[in-house]
Amino acid sequence: FVERNPRHAYPVHRRWMNYPRPPVAVCILTVLTIRAEVGSCRVPEGKSAPLLHQKTMAEPPVGPSDADVIAGNTSKHEERVSGAQRRRNRLRGKDPTTTQPEVETQPVLALPGPAFPSLDFHPEGLGRRLEIAGHAILVNPAAHPPKTTVHEILTATSVWNCAVVVAKYLELNQDIRIREAEAQKSDITPQELDDDDGGRSNGAAAMGAVKLHRIDRSTKVLELGAGTGVAGIAAALLMRASSRDDSAHGSVLLTDVAAAVPGLAYSVALNGGEPPDLPARAGALDWTRCEDDLKLLGEDAPFDVVIAADVVWVTHLIPPLVRTLARVTGEGSVVVFGYQSRSSAADHELFAALRRVFVVEQVNNQDMHPVFRAPGTVEIYLMRKLPGRERHGEL
């Protein structure tokens, strides 16, 4: 153009000087290059997309048009869908003659971060420790990771907020019960006891519908869904510190599915001391076959105290959990139930099922440890079996 029209050479050159911009050809090449790069970005065979983006990988279904529905002709729609699928397969390097089924993705569980991030449970860690009865609880899930890819089992490798809150609540309750016993010997009233400890017990000395008694060497404790075992180990440490009576036969049984038991047993060993004197052991207890697993463990219900700290968040686990709780508890048993809400539907179903079997009382946040509590995130419930609910087979 410039060669044929010399008089336009200067104005064109002048415009480019005043408004620097790349030539059109460069823009076109850049766009084509970007599209080629984006088209080549696909998930390799055998791999999965990042968890938070799995739902975006599936293309939204396109339904038949209104005209097709009215005419009763949906075959064209099916041909369009199958043709589009074949084109996607061809671009992804798959056989274009076959239609690949869409991969079903697992639900994404959105959780808040740890409420106590400064706590360090690793044996060689240098951070802040969680101490129960003067002993720092140690766990190392990485030493014996579960050999599975099931998400529900892999959660056993984390120390959850509920476990920490329940562990310190057990210790605080133990202190209150000891002070109650001392008050009874010296004729101190519950109000004087509250005043003496700065109101920390907040009236917990008063008798309620459900009361957690002191854990001593005669107490039989069971933890369900123990995971790393922090709450159950706390109960065992309190039991060990309570008395040196060798004639008592109390113990703490920490249970989870079989894949998580090696790591759980390692946690018990880490906190056993030298020589090992922690009254605790680990074993497999599947809620779907509770009766058989209890026989294999050589244990018989009921237990005096049952601990469950953040053990259920999906609805299909609620019925077996409630049946197991009913099986392992008796008339005088108390369930310490730590819970973190993640679904209003699961909340409603869970507590409706629990209240058919137990008296359920929520622990006031002021009755928890003043430092190790998470208001609005972690709740603790004390439960006692309803009269006439001893026959768990009726559930």
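Residues numbered from 1 in each chain as written. Predicted model: local features only at pLDDT ≥ 70, side-chain atom pairs only at ≥ 80, totals over all residues. Heavy atoms only, no water.

Caption draft 1: Molecular detail of the pattern of salt bridges. Counted according to the given criterion, the structure contains 10 salt bridges. As a salt-bridge pair, Glu180 and Arg177 come within 2.7 Å of each other at their nearest N and O atoms. In this pair, Glu180 and Arg177 are both assigned in helix H7 (residues 161-186), 3 residues apart and thus about one turn of the helix distant. Overlapping salt bridges, with partners in common, bring together Arg177, Glu180 and Lys211 in one network. (Salt bridge = Lys/Arg side-chain N within 4 Å of Asp/Glu carboxyl O. Helix = DSSP H or I, 4+ residues; strand = E, 2+ residues; numbered from the N terminus.)

Caption draft 2: Here's a closer look at helix H13 (residues 344-355). The end-to-end C-alpha distance of H13 is 16 Å, a good match for the 16 Å that 12 residues give at a rise of 1.5 Å each. Of all the residues in H13, the buried ones are Ala346, Asp347, Leu350, Phe351, Ala353 and Leu354. With its buried residues spanning 155° around the axis, H13 presents them on a single face. Residues of H13 that are exposed and angled more than 90 degrees away from the buried face: Ser344, Ala345 and His348. Check the buried side of H13 and you find it contacts helix H12 (318-328), strand E7 (334-339), strand E8 (358-362) and strand E9 (379-385). (Expected span 1.5 Å × (residues − 1). Buried < 20%, exposed > 50% of the residue type's maximum accessible area, 1.4 Å probe, protein only. Arc of directions from axis to C-beta. Contact = heavy atoms within 4.5 Å.)

Caption draft 3: Main features of the nonpolar core. The biggest cluster of nonpolar side chains holds 47 residues, and the ones touching the most others in it are Ile137, Leu170 and Val336. Secondary-structure elements contributing two or more residues to this core are H7, helix H9 (230-242), strand E4 (251-256), helix H10 (261-270), strand E6 (305-309), E7 and E9. For this core, the element with the most residues is H9, which contributes 9 residues. Listed in part, the 32 residues of the second largest apolar core include Phe351, Val357, Phe358 and Val360. (Core = buried A, V, L, I, M, F, W, Y, C linked by side-chain atoms within 4.5 Å.)

Caption draft 4: Just the environment of Gly338, in detail. By the element assignment, Gly338 lies in strand E7. For Gly338, a relative accessible area of 0% corresponds to the buried category. Ignoring anything within four residues of it in the chain, the contact list for Gly338 reads Cys162, Val166, Ala308, Ala309, Asp310, Glu379 and Ile380.

Caption draft 5: Quick look at the sheet that holds E7. The strand order across the open sheet built from 7 strands is E5-E4-E3-E6-E7-E9-E8, with neighbouring strands paired in mixed fashion. Looking at which strands have only one partner, the edges of the open sheet turn out to be strand E5 (280-284) and E8. Recorded for the sheet is a direction-independent mean angle of 20° between the axes of neighbouring strands. Looking at chain direction, E6 and E7 are connected through 5 bridges and run parallel. Residue pairing across strands places Ile307 opposite Val336, the latter belonging to E7. Packed onto the sheet, H10 meets E4 and E5 and runs at close to 180° relative to E5. In the packing of helix H11 (residues 290-297) onto the sheet, contacts are made with E4 and E5, and the angle to E5 comes to roughly 135°. (Pairing = 2+ DSSP bridges. Axes fitted to C-alpha atoms, helices over the stretch in contact; angles between N-to-C directions.)

Caption draft 6: Region of the structure containing empty space enclosed by the protein. Counted under the stated rule, the structure contains 1 cavity of 30 Å³ or more. Each pocket or cavity is described by its volume, and for the largest cavity that value is around 80 Å³. In this structure, the largest cavity is lined by Pro141, His144, Pro146, Ala156, Thr157, Gly227, Thr228, Ala260, Gly263, Leu264 and Ser267. (1 Å grid on protein atoms, 1.4 Å probe; cavity = no way out; pocket = protein on both sides within 12 Å on 5 of 7 lines; lining within 4 Å. Points joined across faces, edges and corners; volume = space filled by probe spheres on them.)

Note that all results are geometric; they support no functional claim without further evidence.
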